[in-house]
Amino acid sequence: MTADAVPLDRRARRRQETIEEVLDIAVEIMTEQGVAGLSIGEVARRMGIRPPSLYVYFPSKEAIYDALFARGAREIGQLTATESEKLLDNAKPGQPLAEIMLDAARTFVRWTMEHPAYTQLLYWRPVPGFEPSPEAFAPAVAMVEISRHRFTELQRRGFIRADASVDDVQRDWVVILTGVVTRQIANAPHEKFDEGRFSSALSDLVTMFPRHYEPSSPATTAASTATSTRGSRNERKR
């Protein structure tokens, strides 16, 4: 049985290596020609094989898209999980929320700019009619839950207002990050992260984000209360 298992393992390993090669080449094509520019024929040509041979590994072009969606979602999901854990471990009492979130924002935007094919497939709808399978979509769902847990924990620790909706916090955070990425890739895809017309605005946008969700500082609350009290006294005098 062992002798029979060895060739089988080798065949399985070779098959997986070929699948990964197909996906790597598909990413190259999509990066060069856009996600919708992927074709079975071009993948086969670059691999030096006939197009029908690819159907042994993927039954359709949509199946390649599905595998790429799953691969990209896993990569950015793992990155998000690592950054979220680091963020929560390093957050210090009294630290500004923007300072806590900035590294995570930079990591996400940098990755998406460096992987434009995955980014378009994950966050845009560049292929008419394509919908990821539940299995391919699962890592994306897990990533959302990781992000939601991060904001829930930050709220529990007092970095986010107690009355704020975590769903709203997460929605607005995603809008900021994907908005920066979308504008950058759509308008200046060849610019580097630190020099990008839109990516260079990330720090300012992250600084704006907490203004709506951070709790008021004791000093601000006291000043607001004093102003309100003076206003009430003046009103009584009138």
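Refer to the preceding data block for the structure.
Residues numbered from 1 in each chain as written. Predicted model: local features only at pLDDT ≥ 70, side-chain atom pairs only at ≥ 80, totals over all residues. Heavy atoms only, no water.

1. Considerations on the pattern of salt bridges
Next up, step 1: On inspection of all chains with the given rule, the structure shows 17 salt bridges.
Next up, step 2: Among the ionic pairs, Arg71 bridges to Glu20, the shortest N-O distance being 2.6 Å. Of this pair, Arg71 sits in helix H4 (residues 61-90) while Glu20 sits in helix H1 (residues 2-33), placing them 51 residues apart in sequence.
Next up, step 3: Note that Glu28 and Arg46 form a salt bridge whose closest N and O atoms lie 3.8 Å from each other. Residue Glu28 is found in helix H1, and its partner Arg46 is found in helix H2 (residues 40-47); the two are separated by 18 residues along the sequence.
Next up, step 4: Residues joined in a network through salt bridges with shared partners are Glu28, Glu32, Glu42, Arg45 and Arg46. (Salt bridge = Lys/Arg side-chain N within 4 Å of Asp/Glu carboxyl O. Helix = DSSP H or I, 4+ residues; strand = E, 2+ residues; numbered from the N terminus.)

2. Details of the packing of aromatic side chains
Next up, step 1: Going through the model one piece at a time under the given rule, you end up with eight aromatic pairs.
Next up, step 2: A ring pair is formed by Phe151 and Trp173, whose centres lie 6.2 Å apart and whose planes are at 75°; its orientation type is edge-to-face. In this pair, Phe151 is assigned in helix H7 (residues 134-156) and Trp173 in helix H8 (residues 166-187), connecting sequence segments 22 residues apart. Each member of the pair Phe151 and Trp173 is classed as buried.
Next up, step 3: Ring pairing ties together the aromatic residues Phe151, Trp173, Phe209 and Tyr213, which thus form one cluster. (Phe/Tyr/Trp six-rings, centres within 6.5 Å; stacked < 30°, edge-to-face > 60°. Buried < 20%, exposed > 50% of the residue type's maximum accessible area, 1.4 Å probe, protein only.)

3. Some thoughts on the environment of Trp124
Next up, step 1: In this structure, Trp124 sits in the loop between helix H6 (116-123) and H7.
Next up, step 2: For Trp124 and Thr182, which are 58 residues apart along the polypeptide, the C-alpha to C-alpha distance reads 8.6 Å.
Next up, step 3: Leave out the neighbours within four places in its chain, and Trp124 touches Thr119, Thr182, Ile185 and Ala186. (Contact = heavy atoms within 4.5 Å.)

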